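Coordinate inspection notes
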Amino acid sequence: VHGAPYGKGCILDVLAAVPLLVVTAPDMAVLAMVIRRDSPGPALFRQERIGYAGRPFTVLKFRSMVVGAQSMGAGLAVAEGDERITRAGRVLRRLSLDELPQLLNIVRGDMSLVGPRPTVASQVERYDAEQRRRLLARPGLTGLAQISGRTSIPWAERIAIDLDCVYRWCMRRDLAILARTVAVVLRREG
């Protein structure tokens, strides 16, 4: 389900993302209203991330923090109990609902259902030559590192997990990751 744009699985990604967008659209509209009521600012958070082959794109997420949070406190880092997270944002993050707008990124071809999570340019700048190979796959809505502990595992280990997925890609593994993602979200792990 991941791979180069318009490569492995791209059609399958779109065939899955479009119906998911249609089904979740009413819920996303309600979530947008709740976010706007809870905290001043837009419902969507947009941020430049690095995608396939090092190309930048704008990732979409529901805003779960106060406006301008990146320039406050810990910056890009988010700690447990971070005061910049809004009341609605805590619920969105716990249920991973903040990620739903990324279905649009999948339809646009920026992302895949499964792949390494998209990262910011400052992190990519720190990659060594081997770690840069992570960019050989389109970033995903979910990935093996996310269901293996997310931010509880060290950064270098997450990249190693992503690289293993890039090197040993197969549809069956991606489907297993999708199934485990559902289980992880329902159990509210990570």
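Quick caveat: nothing in here was measured; it's all calculated off a predicted structure.

About the thresholds
Residues numbered from 1 in each chain as written. Predicted model: local features only at pLDDT ≥ 70, side-chain atom pairs only at ≥ 80, totals over all residues. Heavy atoms only, no water. Helix = DSSP H or I, 4+ residues; strand = E, 2+ residues; numbered from the N terminus. Rg over C-alpha atoms; globule rule 2.2 N^0.38 Å. Buried < 20%, exposed > 50% of the residue type's maximum accessible area, 1.4 Å probe, protein only. Contact = heavy atoms within 4.5 Å. Lys, Arg positive; Asp, Glu negative; His and termini not counted. Charge placed at Lys NZ, Arg CZ, Asp CG, Glu CD. Phe/Tyr/Trp six-rings, centres within 6.5 Å; stacked < 30°, edge-to-face > 60°. Pairing = 2+ DSSP bridges. Polar contact = N/O pair within 3.5 Å; in protein donor to acceptor, adjacent residues only side chain to side chain. Salt bridge = Lys/Arg side-chain N within 4 Å of Asp/Glu carboxyl O.

Take the overall build of the protein next. Of regular secondary structure, the protein possesses 7 helices and 4 strands. For the protein, the succession of helices and strands along the chain, N to C, is α-β-β-α-α-β-α-β-α-α-α. Since a compact globule built from 190 residues should have a radius of gyration of about 16 Å, the 16 Å found for the protein is in line with a globular shape. A burial count over the protein gives 44% of its 190 residues as buried. Excluding contacts between residues fewer than 6 apart, the proportion of contacts in the protein whose partners are at least 24 apart in sequence is 66%. Computed over 28 positive and 18 negative side-chain charges, the inter-centroid distance for the protein is 3 Å.

Under the defined criterion, the tally for this structure stands at 1 aromatic pair. With 5.9 Å between their ring centres and 35 degrees between their planes, Tyr 127 and Trp 155 make a pair best called tilted. With Tyr 127 in the loop between helix H4 (121-124) and strand S4 (140-142) and Trp 155 in helix H6 (residues 155-167), this pair connects stretches of sequence that are 28 residues apart. The exposure class assigned to Tyr 127 is buried, which follows from its relative accessible area of 8%.

Another aspect to go through is the pairing of strand S2 (residues 56-62). Among the 7 residues that make up S2, 5 are buried, leaving the element largely enclosed by the rest of the structure. Bridging between strand S1 (residues 44-50) and S2 involves 7 bridges; their strand directions are antiparallel. Residue pairing in the sheet places Leu 44 in a bridge with Phe 62 of S2. Taking the residues that link successive antiparallel strands as the turn, the S1-S2 hairpin has 5 residues, and the phi of Ala 53 there is positive, at about 60 degrees.

Turning our attention to unusual backbone geometry. Although it is not a glycine, Ala 53 sits at a positive phi angle of roughly 60 degrees. Note that Ala 53 resides in the loop between S1 and S2. In the Ramachandran plot, Ser 96 falls in the positive-phi region, its phi being about 60 degrees despite a non-glycine side chain. Relative to the elements of secondary structure, Ser 96 occurs in the loop between helix H2 (87-94) and helix H3 (102-107). Using a relative accessible area of 18% as the deciding quantity, one classes Ser 96 as buried.

Glancing now at the side chain of Ser 64. Assignment of secondary structure puts Ser 64 in the loop between S2 and H2. The class of Ser 64 is buried, set by a relative accessible area of 6%. A polar side-chain atom of Ser 64 sits 2.8 Å from a polar atom in the side chain of Arg 93. With near-sequence residues (within four places) excluded, Ser 64 lies in contact with Arg 84, Ile 85, Thr 86, Gly 89 and Arg 93.

With that out of the way, let us pick up the pattern of salt bridges. If the charged atoms of two oppositely charged side chains come close together, the side chains can form a pair. Following the criterion strictly, the structure yields 10 salt bridges and no others. For Glu 99, the salt bridge identified is with Lys 61, shortest N-O distance 3.5 Å. Placement of the pair is Glu 99 in the loop between H2 and H3 and Lys 61 in strand S2, with a sequence separation of 38 residues. By the burial criterion, Glu 99 is buried, and Lys 61 matches it. Put simply, Arg 117 and Glu 99 hold a salt bridge, and the shortest N to O gap is 3.0 Å. Residue Arg 117 is found in the loop between strand S3 (112-114) and H4, and its partner Glu 99 is found in the loop between H2 and H3; the two are separated by 18 residues along the sequence.

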